[in-house]
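# Commentary on secondary and tertiary structure
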Amino acid sequence: MNTKPLKYLLTIFILTCAHQLTNAQANYRKIENYKTFYGWAHHYPQDWMILRQFENEGKSYYLLVNPQTLETKIDEPDFYQVKLMSIAEARTFFKNTPYQKALRRAEKQSIALQDAGIESGIPKETGISLTADLCPSHRPLDKRIFTDIFTEFQKVERPVPVALSVTGVWMRQHPQDLEWLKQMQAKHEIYITWINHSFNHHVSLKAPLKENFLLEPGTDMNYEILETEKAMLKNGLLPSVFFRFPGLVSDQQLVYKLTDYGLIPIGTDAWLAKGQQPQSGSIVLIHGNGNEPVGVNDFIKLLQSKAGSIAKKQWLLYDLRETVEDEFEGSN
Ligand SMILES: [Zn+2]
């Protein structure tokens, strides 16, 4: 029997899988010249906006965002027809896309000292988007969140989408917890959207809000943003276009500084540990860093109370990228 065609097909299949695997899990351990870099990249039939450029072991890469879906990816420049632009030019060029609409919407909600940016989606169906913050902490990851959502949703939604706001310091402190999360993702049990939550996440117990967190005098926003992205890439995580302000604290100037990096601030309308009740379309906030077990308990109770609806697919977890994108459908 001639097994050649079969072997050939198998080789193609394995190569394809290997390509996808390296794409999903690449660790860029020797990043150099990581910088903001804006423009238009076209690979038929899709347009992408370029956000960053860097080199790793002599090769050049872009961080790109699909302005329709808010998906990001890392890719080599050679695949694209490219036009370089300033951030202002790129934002005008992509003006009518969901991504740019989300940035503008966030800028309109930038005045309050707390909870600026996008805090909920449209309640077109019942369910929520779950965000869990990983601020610096000496406590281990609160794994119940992930094992419980997997158990509740495995028959109706797999992988279950969850968004994690991660700090540079947490990644450095918790390599094993990070590995555990990546394993869950590799097994398609959960899908994680990684939100930038700053590198250092400084907080003062005494300073007023207007001089606290990233509003602390002397804060280097370029470092807080770009070093966190670099640490994500080094650890094999894909940066998204989302940012969560530490303490949810910012002012208008800081929001505009952030959107100048192409990042969308994500607030919350349901911080569970503060007693805020989630509604349909809510962006729910809990802490996954072990510092706020009360919020995690409330979330688990919420899951249990929705068990019947979850089984009937009447209460779901939504991908943050879709939540933010949907909000602007049909609007200008
Ligand atoms: Zn935090």
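Residues numbered from 1 in each chain as written. Predicted model: local features only at pLDDT ≥ 70, side-chain atom pairs only at ≥ 80, totals over all residues. Heavy atoms only, no water.

Helices and strands together make up the secondary structure of the chain, namely eleven helices and 13 strands. Taking 20 Å as the expected radius of gyration for a compact globule of 332 residues, we find that the chain reaches 20 Å, a close match to that expectation. Dimensions of the chain, computed from the C-alpha atoms along their principal axes, are close to 70 × 50 × 45 Å. By sequence separation, contacts in the chain at least 24 residues apart represent 70% of the contacts at least 6 residues apart. Counting only carbon and sulfur atoms, one obtains 52% of the accessible surface of the chain, whose full area is about 16,200 Å². Placing the 36 positive and 38 negative side-chain charges of the chain at their respective mean positions leaves the two points 3 Å apart. (Helix = DSSP H or I, 4+ residues; strand = E, 2+ residues; numbered from the N terminus. Rg over C-alpha atoms; globule rule 2.2 N^0.38 Å. Contact = heavy atoms within 4.5 Å. Areas by Shrake-Rupley, 256 points an atom, 1.4 Å probe, with all protein chains shown as cover. Lys, Arg positive; Asp, Glu negative; His and termini not counted. Charge placed at Lys NZ, Arg CZ, Asp CG, Glu CD.)

With distances of 2.1 to 2.3 Å, the protein atoms coordinating the zinc ion are Cys135 (SG), His197 (NE2) and His201 (NE2). Donor residues for the zinc ion sit on one chain with the sequence pattern C-x61-H-x3-H. Of the two residues, Cys135 is situated in the loop between β6 (127–134) and α4 (144–153) and His197 in the loop between β8 (190–196) and α7 (221–234); the sequence distance between them amounts to 62 residues. Given the relative accessible area of 8%, Cys135 is considered buried. (Donors = N, O, S within 2.8 Å, 3.2 Å for Na, K, Ca; no water. Buried < 20%, exposed > 50% of the residue type's maximum accessible area, 1.4 Å probe, protein only.)

Moving on: the layout of surface pockets. Estimates place the volume of the second largest pocket at around 270 Å³. Surrounding the second largest pocket, 17 residues form its lining, Cys135, His201, Trp271, His287 and Asn289 being those nearest its centre. (1 Å grid on protein atoms, 1.4 Å probe; cavity = no way out; pocket = protein on both sides within 12 Å on 5 of 7 lines; lining within 4 Å. Points joined across faces, edges and corners; volume = space filled by probe spheres on them.)

Before going further, it helps to examine the domain arrangement of the chain. Annotation of the chain at the domain level lists domain 1 (28–95) and domain 2 (99–328). In this structure, domain 1 and domain 2 have C-alpha centres spaced 24 Å apart. At the junction of the two partners, domain 1 supplies 24 residues and domain 2 supplies 26 residues. Both faces combined, the contact of domain 1 with domain 2 buries some 2,100 Å², and carbon together with sulfur accounts for 59% of it. It is Tyr34, Leu70 and Arg91 that lose the most area in domain 1 upon contact with domain 2, and together they represent 33% of the buried surface on that side. Counting the contacts that link domain 1 with domain 2 gives two salt bridges. A salt bridge links Arg91 to Glu107, with the nearest nitrogen and oxygen atoms 2.8 Å apart. Across the contact surface, domain 1 and domain 2 share ten residue pairs in polar contact (both at pLDDT 80 or more). Only β1 (31–43), β2 (46–56), β3 (59–65), β4 (72–75) and α2 (87–93) provide two or more residues apiece to the side of domain 1 that touches domain 2. (Domains from an automatic or database assignment. Buried area = accessible area lost by both parts, 1.4 Å probe. Salt bridge = Lys/Arg side-chain N within 4 Å of Asp/Glu carboxyl O. Polar contact = N/O pair within 3.5 Å; in protein donor to acceptor, adjacent residues only side chain to side chain.)

It is worth spelling out the environment of Gln154 at this point. With respect to the secondary-structure elements, Gln154 resides in the loop between α4 and β7 (160–166). Judged by relative accessible area, which is 34%, Gln154 ranks as partly exposed. Once the C-alpha coordinates of Gln154 and Glu189 are considered, the two residues, 35 residues apart in sequence, prove to be 7.5 Å apart.

A separate point is the nonpolar core. By size, the foremost hydrophobic cluster in this structure holds 47 residues, and its most contacted members are Met49, Tyr99, Phe242 and Ile264. Those residues in contact with Tyr99 that sit more than four places away from it in its chain are Met49, Leu51, Val65, Pro67, Leu70, Val241, Gly262 and Ile264. With 42 residues, the next largest nonpolar core counts Ala132, Ile149, Val284 and Leu316 among its residues. (Core = buried A, V, L, I, M, F, W, Y, C linked by side-chain atoms within 4.5 Å.)

With their axes 9 Å apart at the nearest point, helix α3 (residues 98–108) and helix α8 (residues 252–259) run at an angle of 170° to one another. Classed by the angle they form, the pair α3 and α8 counts as roughly antiparallel. In this structure, α3 meets α8 at a crossing whose hand is right-handed. Side by side, α3 and α8 meet where Leu103, Ala106 and Glu107 of the first sit next to Val255, Tyr256 and Thr259 of the second. (Axes fitted to C-alpha atoms, helices over the stretch in contact; angles between N-to-C directions. Parallel < 35°, antiparallel > 145°, perpendicular 65-115°, else oblique. Left-handed = near helix turned anticlockwise from the far one by under 90°.)

Before going further, it helps to examine the pattern of salt bridges. Side chains that differ in sign of charge can pair as their charged atoms come close. Within the structure shown, the criterion is met by twelve salt bridges. As a salt-bridge pair, Asp75 and Lys73 come within 3.7 Å of each other at their nearest N and O atoms. Judged by its relative accessible area of 26%, Lys73 falls in the partly exposed class. For Arg244, the salt bridge goes to Asp133, with nearest N and O atoms at 2.9 Å. In this pair, Arg244 sits in the loop between β9 (239–243) and α8 while Asp133 sits in strand β6, placing the two residues 111 residues apart along the sequence. Overall, Asp133 belongs to the buried group, its relative accessible area being 3%.

For α3, the buried fraction is high: eight of the eleven residues fall into the buried class. Among the residues making up α3, those that are buried are Pro98, Tyr99, Gln100, Lys101, Ala102, Leu103, Ala106 and Glu107.

A few words on the pairing of β1. For β1 and β2, the ladder comprises nine bridges, and the chain directions are antiparallel. When the sheet's bridge partners are listed, Trp40 is paired in β2 with Met49. In this structure, the hairpin formed by β1 and β2 is closed by a connection of two residues. Of the pairings in the sheet, the one linking β1 to strand β5 (residues 81–85) comprises five bridges and is antiparallel in character. What sits directly across from His42, in β5, is Gln81. (Pairing = 2+ DSSP bridges.)

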